[in-house]
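Descriptive analysis of the structure
Here is what each chain is made of, one letter per residue.
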Amino acid sequence: MLAQLPQQLVNGIILGSIYALLALGYTMVYGIIKLINFAHGDIFMMGAFIGYWAINGLHLNFWIALIFSMVLTAILGMVIEFLAYRPLRNSTRISALITAIGVSFLLEYTMVFFFGSNKRSFPQAIKMHSFDLGPVTITNIQLLILAVAIVLMIGLQLIVKQTKMGKAMRAVSVDSDAAQLMGINVDSTISFTFALGSALAGAAGVLIALYYNSIDPLMGMTPGIKAFVAAVLGGIGLIPGAAIGGFVIGILETLSNALGLSTYRDAIVYAVLIVILLVRPAGILGKNVKEKV
């Protein structure tokens with residue numbers, strides 16, 4: 001077990017970077033409209049299928065296919081927000097939550113109808129090379145995944161902190177009515193938030209498909225829930241918290257394998273969520289806010 005520990009830590013960081021990209025979409029949408037978008041994991045699945053089509057059907061190279069997938073999933077995210085969530089913005093939260101679950105099933109079984117439920121092999125667009133670093137073996141694909149994830153997370157942070165639209169997102173997340181009075185287009189800002197989160201999910205889908213060399217229409221369910229756990233763990237609504245939570249969940253999952261508990265790794269992740277909600281409901285970076293009645 002001790003001999004496997006360094007390798008499993010590396011594997012956990014790589015897997016955690018995927019969860020972090022997914023968790024960022026959850027946390028941005030929740031932070032701006034207080035909606036848990038359970039269809040987000042299926043945007044991740046759509047990204048993987050778009051990447052598969054771009055490489056296998058259009059014969060694009062990996063990097064162009066990755067950008068192509070991010071663009072199309074961003075558009076899909078905006079369409080879902082416009083058609084499914086915007087009409088319910090002033091309704092109860094449970095209505096929006098049920099709609100999100102409905103959108104999730106719609107995406108999954110639309111893909112099952114057109115492509116079947118069987119797994120497909122993702123084309124190996126990048127030839128794999130392994131590097132032995134003492135007790136750790138790492139591949140060029142793992143390094144690529146980590147590098148792309150970090151670049152995207154830094155890019156997101158720069159957009160949110162340095163751009164006009166990022167300032168608008170922060171304003172709407174604090175008080176949408178006041179932001180509207182200040183001349184901010186709330187609808188456009190929310191739509192942009194969905195586009196940004198969906199693009200990150202699309203990129204994560206392509207990266208995980210390249211990593212595991214497999215895709216199927218139901219592949220987004222479990223990673224989507226784990227990314228939600230990561231967002232809650234880090235402090236939902238906080239971008240750095242989502243990133244930290246993603247890495248923590250990835251490492252926890254792979255350490256479960258190292259300890260011989262691979263059968264229970266999903267249960268361990270959900271148990272961590274229960275403990276966090278009991279001990280620190282606001283998450284690692286979250287702050288407990290008292291509401292006045």
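Above this text sits the structure in question.
Residues numbered from 1 in each chain as written. Predicted model: local features only at pLDDT ≥ 70, side-chain atom pairs only at ≥ 80, totals over all residues. Heavy atoms only, no water.

**Digging into helix H2 (residues 40-56)**
The line we're drawing: A run of H or I in DSSP becomes a helix once it reaches four residues, and a run of E becomes a strand once it reaches two; helices and strands are each numbered from the N terminus. Take the residue count of a helix, subtract one, and multiply by 1.5 Å to get its expected span. Using a 1.4 Å probe on the protein chains alone, a residue whose accessible area is under 20% of its type maximum counts as buried, one over 50% counts as exposed, and one in between counts as partly exposed.
For H2, which comprises 17 residues, the first-to-last C-alpha distance of 24 Å matches the rise-based estimate of 24 Å (1.5 Å per residue) to within 8%. For H2, the tally of buried residues reaches 15 of 17 residues, placing the bulk of the element in the interior.

**Details of the packing of aromatic side chains**
To be explicit about the condition: Put simply, two rings from Phe, Tyr or Trp (the six-membered ring, in Trp's case) pair if the centres are within 6.5 Å, and we call them stacked under 30 degrees between planes, edge-to-face over 60, tilted for the rest.
All chains considered together, the criterion is met by nine aromatic pairs. Taken together, a centroid distance of 6.3 Å and an interplanar angle of 25° make the contact between Phe105 and Tyr109 stacked. Separated by four residues within a single helix, Phe105 and Tyr109 lie in helix H4 (residues 93-115), roughly one turn from each other. Judged by its relative accessible area of 43%, Phe105 falls in the partly exposed class. With a centroid separation of 5.1 Å and an interplanar angle of 85°, the aromatic rings of Phe113 and Phe114 are classed as edge-to-face.

**Details of the environment of Leu35**
Note the cut-off: The contact criterion used throughout is that any non-hydrogen atoms of two residues lie within 4.5 Å.
Structurally, Leu35 can be placed in the loop between helix H1 (5-33) and H2. Taking the C-alpha atoms as reference, Leu35 lies 7.1 Å from Ala96; in sequence the two are 61 residues apart. When neighbours within four sequence positions are excluded, Leu35 is seen to be in contact with Val29, Tyr30, Tyr85, Ala96, Leu97 and Phe194.

**Notes on H4**
Over its 23 residues, H4 extends 33 Å from the first C-alpha to the last, a length consistent with the 33 Å expected when each residue adds 1.5 Å. Buried residues of H4: Ala96, Ala100, Val103, Ser104, Leu107, Glu108 and Met111, and no others. Count one or two residues on from H4 and you reach Gly116, which has phi positive near 80°.

**Structural notes on the layout of surface pockets**
Rolled over the atoms, a probe as big as a water molecule pinpoints where empty space is left. The test is simple: Here a cavity denotes grid points, spaced 1 Å and computed from the protein atoms alone, that fit a 1.4 Å probe unable to get out, and a pocket denotes an open set having protein on both sides within 12 Å along at least 5 of 7 lines; residues with an atom within 4 Å of a point are the lining. Grid points are joined across faces, edges and corners, and a volume is the space filled by probe spheres set on the points. Residues are grouped as follows: Ala, Val, Leu, Ile, Met, Phe, Trp, Tyr, Cys and Pro are nonpolar; Asp, Glu, Lys and Arg are charged; all remaining types, including Gly, are polar.
Here the second largest pocket defines a volume of roughly 630 Å³. Around the second largest pocket, the lining is made up of 28 residues, and of these Ile32, Ile33, Lys34, Leu35 and Arg89 lie nearest the centre. For the lining of the second largest pocket, the secondary-structure elements that each account for two or more residues are H1, helix H3 (62-85), H4, helix H6 (164-174), helix H7 (176-181) and helix H8 (186-212). Here the element with the most residues in the lining of the second largest pocket is H4; it accounts for four residues. When grouped by side-chain class, the residues that make up the lining of the second largest pocket number 14 nonpolar, six polar and eight charged.

Note that every value here comes from positions in space, so none of it alone points to a role or purpose.
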